[in-house]
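Architecture at a glance
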Amino acid sequence: MQKAILLIISLIFCTAQQAFAQQETTYIKAGFLYNSEQNTLQKNKVIAVKGNKIVSIGDYSTIPQNSKTIDLTAYTVLPGLIDAHTHVLFSQDANQDFAEHSMQMLTMESEALRTLRGSKRAKSYLDVGITSIKDLGNSGLFLDVALRDAINEGTIVGPRIFASGPIISATGGQIYGVNPAHQHLIDLEYRIIKSEADARNAVREHVNQKVDLIKIATDNIPNNSALSVAEMKSIVKTAHASGLTVTAHSITNQSAYNAIQAGVDGIEHGFNLADSTLTLMAKKNVFLVPTENSRAYSLIYNKLAGFDETDVEWIDNYLQRMKDRLKRAIAKGVTIIAGSDNYTDIEVTRGNSSKDMFRAYFEMRMKPLDILQSATYLSALHFNKENEIGVLKPNAYADIIAVKGSLTNDFLETLSNVVFVMKDGEVYVEKFN
Ligand SMILES: [Zn+2]
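Anyway, here's the lowdown on the structure attached to this text. These numbers were taken from a predicted model, which means no experiment stands behind them. (Residues numbered from 1 in each chain as written. Predicted model: local features only at pLDDT ≥ 70, side-chain atom pairs only at ≥ 80, totals over all residues. Heavy atoms only, no water.)

1. Quick look at the overall build of the chain
The helix and strand tally for the chain stands at 15 helices and 18 strands. For the chain, whose C-alpha radius of gyration is 23 Å, the value lies close to the compact-globule estimate of 22 Å for 433 residues. If one aligns the C-alpha atoms of the chain with their principal axes, the spans along those axes are about 70 × 60 × 40 Å. Counting every position in the chain, which comprises 433 residues, the buried fraction comes to 53%. (Helix = DSSP H or I, 4+ residues; strand = E, 2+ residues; numbered from the N terminus. Rg over C-alpha atoms; globule rule 2.2 N^0.38 Å. Buried < 20%, exposed > 50% of the residue type's maximum accessible area, 1.4 Å probe, protein only.)

2. Description of the coordination of the zinc ion
Ideal coordination angles are 109.5 degrees for a metal with four donors arranged tetrahedrally and 90 or 180 degrees for a metal with six donors arranged octahedrally. For the zinc ion, the full set of protein donor atoms is H85 (NE2), H87 (NE2) and D341 (OD), at a range of 2.0 to 2.3 Å. Here the donor residues of the zinc ion share one chain and are spaced in sequence as H-x1-H-x253-D. Taken together, the residues H85 in strand β5 (residues 81-86) and D341 in the loop between α10 (313-332) and β15 (344-345) connect sequence positions 256 residues apart. Looking at D341, the relative accessible area reads 16%, which means it is buried. (Donors = N, O, S within 2.8 Å, 3.2 Å for Na, K, Ca; no water.)

3. Overview of the nonpolar core
Residues I214, I216, I235, I267, M281 and L372 are the most contacted members of the largest nonpolar core, which totals 74 residues. Among the elements that make up this core, the one with the highest residue count is α10 (five residues). Counting the residues that make up this core, at least three belong to each of domain 1 (23-79 + 392-430) and domain 2 (81-354). The residues touching M281, leaving out its near neighbours within four places in the chain, are I260, I267, L273, V286, F287, L288 and V334. (Core = buried A, V, L, I, M, F, W, Y, C linked by side-chain atoms within 4.5 Å. Domains from an automatic or database assignment. Contact = heavy atoms within 4.5 Å.)

4. Brief notes about empty space enclosed by the protein
Counted according to the given criterion, the structure contains one cavity of 30 Å³ or more. Estimated volume of the largest cavity: approximately 60 Å³. In terms of lining residues, the largest cavity is bounded by A84, K134, L136, L213, T245, V246, T247, E268, F287, V289, H382 and F383. Only β12 (246-250) and β14 (287-289) provide two or more residues apiece to the lining of the largest cavity. Class assignment for the residues of the lining of the largest cavity results in seven nonpolar, three polar and two charged. (1 Å grid on protein atoms, 1.4 Å probe; cavity = no way out; pocket = protein on both sides within 12 Å on 5 of 7 lines; lining within 4 Å. Points joined across faces, edges and corners; volume = space filled by probe spheres on them. Nonpolar A, V, L, I, M, F, W, Y, C, P; charged D, E, K, R; others polar.)

5. Considerations on the pattern of salt bridges
Applying the stated criterion across every chain yields a total of 15 salt bridges. Where R295 meets D316, a salt bridge forms, and the shortest distance between an N and an O atom there is 2.7 Å. Highlighted residues: R295 in helix α9 (residues 295-304) and D316 in helix α10, separated in sequence by 21 residues. On the accessibility criterion, R295 (32% relative accessible area) is partly exposed. Take D316: its relative accessible area is 32%, and that puts it in the partly exposed class. Overlapping salt bridges, with partners in common, bring together R148, D149 and D212 in one network. (Salt bridge = Lys/Arg side-chain N within 4 Å of Asp/Glu carboxyl O.)

6. Some details on a negative patch on the surface
A contiguous patch of negative charge, built from D308, E309, D311 and E313, is present on the exposed surface. Secondary-structure assignment places E313 in helix α10. (Patch = residues over 30% accessible without salt bridge, like charges linked within 9 Å, V, L, I, M, F, W, Y side chains within 5 Å. Areas by Shrake-Rupley, 256 points an atom, 1.4 Å probe, with all protein chains shown as cover. Lys, Arg positive; Asp, Glu negative; His and termini not counted. Charge placed at Lys NZ, Arg CZ, Asp CG, Glu CD.)

Here's what the structure looks like:
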């Protein structure tokens, strides 16, 4: 009996101690603070953090005496960055064929090994200040959901993962050249739908597996199958009824147009969007995730793929077309959201590889703060998470990073100089000097 009472007392004491520790507020002093909603830099601000949330933003004068502070006065403080298009459970070498590599992986790599490899890639995002990723398929049978859960429960360290589960697509998926006898293997990587009713079922299965959003492949280029408008309508209606957004991989202009007619929330890639489609996107508030790479990245890819290193004309032509497309999209008022789609091993960490999207957008003449907004507030807003991530404001998660340098004068160098990373109120990176 006495033992029981002692146990209860010690339990109460421990709980009280824990509660006290959780209630301690940390004050982060920022030299500059990036306000992602207003898209402005503000001087000398302080962020109060309690537990895993931000409780207030104020001036230095609001810091109580003898409180715990983190001094970032020499740096610019931003919300943790978001990569809206990742594939952490997939990697290929530059000289590998996507379809052949996919088939080899699906038949010869265990799910356990694939997931463990994915967890290492996921962690590398946190190291470079990307605290949230939208992982859009090519992740086996919901291995992205498993990875997300392992991170959220603290089993492994990584960014917030918002998982789509298998990409919903028409016959064949994106894996081209597979004989009819082996088509069932595609089901290990894609959710192939056969009708409007099946489209509804597919979304329900995904909802049941607790995905965070729906990814579809509106076309399957170079496979020549594509979803119909009716099928996509069925997907969008079911997803929206469950509070999930739908984003569509699209290569051709026609498939993007069809997806927009069906009511999708976003277009991924959109390499061939016509002006009329961009106008429709702006009107219907459909975002675009341009997944281009910088010239430097393309040159490395060219070399690793074993192509003729003196022949860079195709790279320059491609980049010129993408620059023109991005310029037209912005001029039409289409919301741009930052996403890398980097899954080729270019001999740097995945997180570092993903950050190449910032260089690409910068080379395509997007303004530094606009690039940042596309990787923070706008990315969260178009995913109904604008009160949780991508912002520094009360009640948002304490996902906070700091960079050294001037974002407006020396954007790329500054963004690569991440000196501090906090996710969910916990510090993961601290390298001041
Ligand atoms: Zn992709």
